[in-house]
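Architecture and fold: a report
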Amino acid sequence: MLNIMRLKVLRELHRRGTLSAVAESLSYSTSAVSQQIRQLEREVGVSLVEPVGRRLHLTPQGTILVDHAARILDLVELAEADISQSLDQPRGTVRVAAFQSAAMTLVPQAVAILRENHPELTVEFHQGEPERTLPALHAADLDVVVAEAYPGIPAPATPGLVFDHLLDDPLMLVMDEDTFASVDSEANVIAQLSDAGWAVEAADSVPHTWVVSQCRQQGFEPRVVCSTEDLAVQLRFVEAGLAVAVLPRLALQLAISEVRSLPAAPQVQNRQLLLAYREAARNRTAIVAMRAALEQAAATLAPT
């Protein structure tokens, strides 16, 4: 009979490509991962992986098995969810991740709500950008992720994941008082800032892509003077008069001194905060409770 844990190891190898990456994700040693794969090959009687350069790729038989493994592991999670529904109160641990501005505003409120309503449930929180947390959610390393989508750049569709809308967060063009005094707020403000320094997120991020696209539409390439995922650092550059930035309104709560803000485009543009979880875990009571707490907290933060 096939071993569930070994099927999970094979699935992780398919996703990550190396024994060391699987070992890190599952908190195993590399040798233990290798042993699990060899044992699984003995169970099915065929080779499941083959080396291609420095990575391991699945053989055709390994691909067949990993497709079945995904469905088997989903069934296991559905069974666990059904068992959890038979209990009076959600209990155990729910693993949640969010990016910085949500971590500083939305998540603490939600955790406080959850602690009051379900004291037997423990929250394990991780901060991270969606580019990292969504793959971890898909791999079942996390249970709930707060993700984001920018105008024209939707969250990536991922088989097995569900995305629910939490709230719309207006995108604001943030600057110091002197810069604010120099622009015509009735005209397109981004177009007036071609000579300004810009604070942006990392080059491979959705926020960076969106900001650069807005600048290019106005005929210039932004002169980046600060590149960081830490929105508080971006605000420090703005407060010092060193840069302008496009930041979601939630992030403005990280400011420590006065900054001025205007809508980032003539028509109000919002990033969407999204609540992501695995379809197979939809009915697990701990995840249902966490989703409800996040939705309640989001309602208090929604623009009026």
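Scope of this entry: the structure provided in the associated data block.

Some words on the environment of Glu-129
- Counting through the fold element by element, Glu-129 comes out in the loop between strand E4 (121-127) and helix H7 (130-138).
- Once the C-alpha coordinates of Glu-129 and Ala-140 are considered, the two residues, 11 residues apart in sequence, prove to be 17 Å apart.
- Leave out the neighbours within four places in its chain, and Glu-129 touches Phe-99, Gln-100, Glu-148, Glu-201 and Glu-229.

Considerations on the nonpolar core
- Counting 30 residues, the largest nonpolar core has Val-94, Leu-106, Val-146, Leu-273, Met-290 and Leu-294 as its most contacted members.
- Listing elements by their share of this core, those giving two or more residues are strand E3 (92-98), helix H6 (106-117), strand E5 (144-149), strand E6 (161-175), strand E11 (270-278) and helix H11 (285-301).
- With 9 residues, the top contributor of residues to this core is H11.
- If sequence neighbours within four positions are ignored, Met-290 has contacts with Val-94, Val-96, Ala-110, Leu-114, Val-123 and Val-144.
- Leu-173, Val-183, Leu-193 and Cys-215 belong to the second largest nonpolar core, which has 20 residues in total.

Quick word on the packing of helix H2 (residues 19-26) against helix H3 (residues 30-44)
- Across the interface, H2 lies against H3 with an axial gap of 8 Å and an inter-helix angle of 105°. Comparing the axis directions of H2 and H3 gives the class roughly perpendicular. Here Leu-19, Ser-20, Val-22 and Ala-23 of H2 come into contact with H3, specifically with Thr-30, Val-33 and Ser-34.
- Tallied by class, residues from the contact of H2 with H3 come to 4 nonpolar, 3 polar and no charged.

Points about helix H9 (residues 206-217)
- The first and last C-alpha atoms of H9 sit 17 Å apart over 12 residues, in line with the 16 Å expected at 1.5 Å per residue.
- Considered for burial, the residues of H9 that qualify are Pro-207, His-208, Trp-210, Val-211, Val-212, Gln-214 and Cys-215.
- Elements that come into contact with the buried residues of H9 comprise E5, E6, strand E7 (197-200) and strand E9 (245-248).

Conventions and cut-offs
- Residues numbered from 1 in each chain as written.
- Predicted model: local features only at pLDDT ≥ 70, side-chain atom pairs only at ≥ 80, totals over all residues.
- Heavy atoms only, no water.
- Helix = DSSP H or I, 4+ residues; strand = E, 2+ residues; numbered from the N terminus.
- Contact = heavy atoms within 4.5 Å.
- Core = buried A, V, L, I, M, F, W, Y, C linked by side-chain atoms within 4.5 Å.
- Buried < 20%, exposed > 50% of the residue type's maximum accessible area, 1.4 Å probe, protein only.
- Axes fitted to C-alpha atoms, helices over the stretch in contact; angles between N-to-C directions.
- Parallel < 35°, antiparallel > 145°, perpendicular 65-115°, else oblique.
- Nonpolar A, V, L, I, M, F, W, Y, C, P; charged D, E, K, R; others polar.
- Expected span 1.5 Å × (residues − 1).

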